[in-house]
Amino acid sequence: MILYTLTKNKEFKSILKGILVLGSIDLPAKLFDAVLYSYRMCDSSSHVFDSLFKTYAHMKKFRNATDVFCQMKDYGFLPTVESCNKYIRSLLNLNRVDIALGFYKKMWQCRISPNVYTLNMVIGAFCKSGKLENAVKVFKEMDCMSFSTTIASYNTLIVEYCNKGLLSSAVKT
C-alpha cells in the first residue's frame with residue numbers, strides 16, 4: 001500500500017533513488033516483487049515499473065536495470081522509449097557501446113519504437129565502434145521510419161567520415 005501511495009507522488013523517482021542508495025544487496029529482487037504486489041493489490045499504474053527501470057539506468061546500475069527490463073517483459077510491461085534512451089545514454093557515457101547496441105536490438109524485438117534521439121545515439125554508437133556502414137544504414141532508415149534527420153545526425157556522420165579520411169563522403173552528406 002505504501003508503494004501505491006508513493007507512485008502517486010510526483011517525487012516518486014527521487015524517493016525511489018533514495019531507497020536504492022540505502023538499500024541492501026537483495027533489495028532489487030524484493031523491490032520488483034513489492035512493486036508487482038502493489039500494482040495488483042491497488043490497481044496501480046504500470047509507470048511504476050518504468051520508473052524503477054529508469055532509476056536504475058540513471059544510477060548506472062545496469063545489471064539491476066536489465067533484470068527489471070526482463071521482469072517487466074515477463075509480466076507484460078514495457079518501458080517507455082524515453083526510459084530506454086536513458087539506459088542507452090548511460091551505457092554510452094561509460095563507453096559500453098556493445099551493450100547499448102545489443103539493447104537497441106532488444107528494443108526492436110520487443111516492439112519498442114525508437115525516436116529520433118534513440119536513432120542518433122545508435123548512429124553515434126556505430127561510429128564509436130568503427131562501424132560507419134551500419135551508422136549510414138541507420139541514417140538512411142530514419143527517412144523510411146518517417147523521422148527527419150537532425151543536425152546531430154549529420155554532424156555525427158560527418159565527423160566519422162573525416163576521422164576515417166573520407167572527406168569527399170563527408171561533403172556529400
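First things first, this report covers the structure right here in the doc.

Cut-offs used in this document
Residues numbered from 1 in each chain as written. Predicted model: local features only at pLDDT ≥ 70, side-chain atom pairs only at ≥ 80, totals over all residues. Heavy atoms only, no water. Helix = DSSP H or I, 4+ residues; strand = E, 2+ residues; numbered from the N terminus. Buried < 20%, exposed > 50% of the residue type's maximum accessible area, 1.4 Å probe, protein only. Contact = heavy atoms within 4.5 Å. Areas by Shrake-Rupley, 256 points an atom, 1.4 Å probe, with all protein chains shown as cover. Axes fitted to C-alpha atoms, helices over the stretch in contact; angles between N-to-C directions. Parallel < 35°, antiparallel > 145°, perpendicular 65-115°, else oblique. Left-handed = near helix turned anticlockwise from the far one by under 90°. Nonpolar A, V, L, I, M, F, W, Y, C, P; charged D, E, K, R; others polar. Core = buried A, V, L, I, M, F, W, Y, C linked by side-chain atoms within 4.5 Å. Phe/Tyr/Trp six-rings, centres within 6.5 Å; stacked < 30°, edge-to-face > 60°. Expected span 1.5 Å × (residues − 1). Arc of directions from axis to C-beta.

Overview of the overall build of the protein chain
Point 1. Secondary structure assignment for the protein chain yields eleven helices and zero strands.
Point 2. When the helices and strands of the protein chain are read in sequence order from the N terminus, they spell out α-α-α-α-α-α-α-α-α-α-α.
Point 3. The buried share among the 173 residues of the protein chain stands at 40%.
Point 4. Taking the contacts inside the protein chain whose residues are at least 6 apart along the sequence as the reference set, 60% of them involve residues at least 24 apart.
Point 5. Total accessible area on the protein chain is roughly 9900 Å²; 56% of this is exposed by carbon and sulfur atoms.

Re the packing of helix 6 (residues 81-93) against helix 7 (residues 97-109)
Point 1. Direction vectors running N to C along helix 6 and helix 7 enclose 160°, while the axes themselves pass 8 Å from each other. By the angle between their axes, helix 6 is roughly antiparallel relative to helix 7. Crossing of helix 6 against helix 7: the hand is left-handed. In contact with Val-81, Cys-84, Tyr-87, Ile-88, Leu-91 and Leu-92 of helix 6, helix 7 contributes Val-97, Ile-99, Ala-100, Phe-103 and Met-107.
Point 2. Considering only residue class, the contact of helix 6 with helix 7 consists of eleven nonpolar, no polar and no charged.

Digging into the nonpolar core
Point 1. One finds Phe-49, Phe-53, Tyr-87, Phe-103, Ile-123 and Leu-157 to be the most contacted residues of the largest nonpolar core, which totals 45 residues.
Point 2. When residues of this core are traced back to their parent elements, those giving at least two are helix 3 (27-42), helix 4 (47-58), helix 5 (62-74), helix 6, helix 7, helix 8 (116-128), helix 9 (132-144) and helix 10 (151-163).

A short note on the packing of aromatic side chains
Point 1. According to the stated counting rule, one finds eleven aromatic pairs in the structure shown.
Point 2. Relative to Phe-77, the ring of Phe-49 has its centre 4.4 Å away and its plane inclined at 20°; by these criteria the two rings are stacked. With Phe-49 in helix 4 and Phe-77 in the loop between helix 5 and helix 6, the pair connects residues that are 28 residues apart, well separated along the chain. Residues Phe-49 and Phe-77 agree in their burial class; the two are buried.
Point 3. By the ring-pair criterion, three or more aromatic residues cluster together here, those being Phe-53, Phe-62, Phe-69, Tyr-87 and Phe-103.

What about the environment of Phe-139?
Point 1. Looking at the element boundaries, Phe-139 is found in helix 9.
Point 2. In sequence terms Phe-139 and Thr-150 are eleven residues apart; their C-alpha atoms lie 9.9 Å from each other.
Point 3. Contacts of Phe-139, omitting those with residues within four sequence positions, involve Ile-123, Thr-149, Ser-153, Tyr-154 and Leu-157.

Quick look at helix 7
Point 1. The first and last C-alpha atoms of helix 7 sit 19 Å apart over 13 residues, in line with the 18 Å expected at 1.5 Å per residue.
Point 2. Looking at helix 7, one finds that the buried residues are Val-97, Ala-100, Leu-101, Phe-103, Tyr-104 and Met-107. An end-on view of helix 7 places all buried positions within 155° of arc, on one side of the element. Exposed and facing more than 90 degrees away from the buried side of helix 7 are Asp-98, Lys-105 and Gln-109.
Point 3. In this structure, the buried residues of helix 7 make contact with helix 4, helix 5, helix 6 and helix 8.

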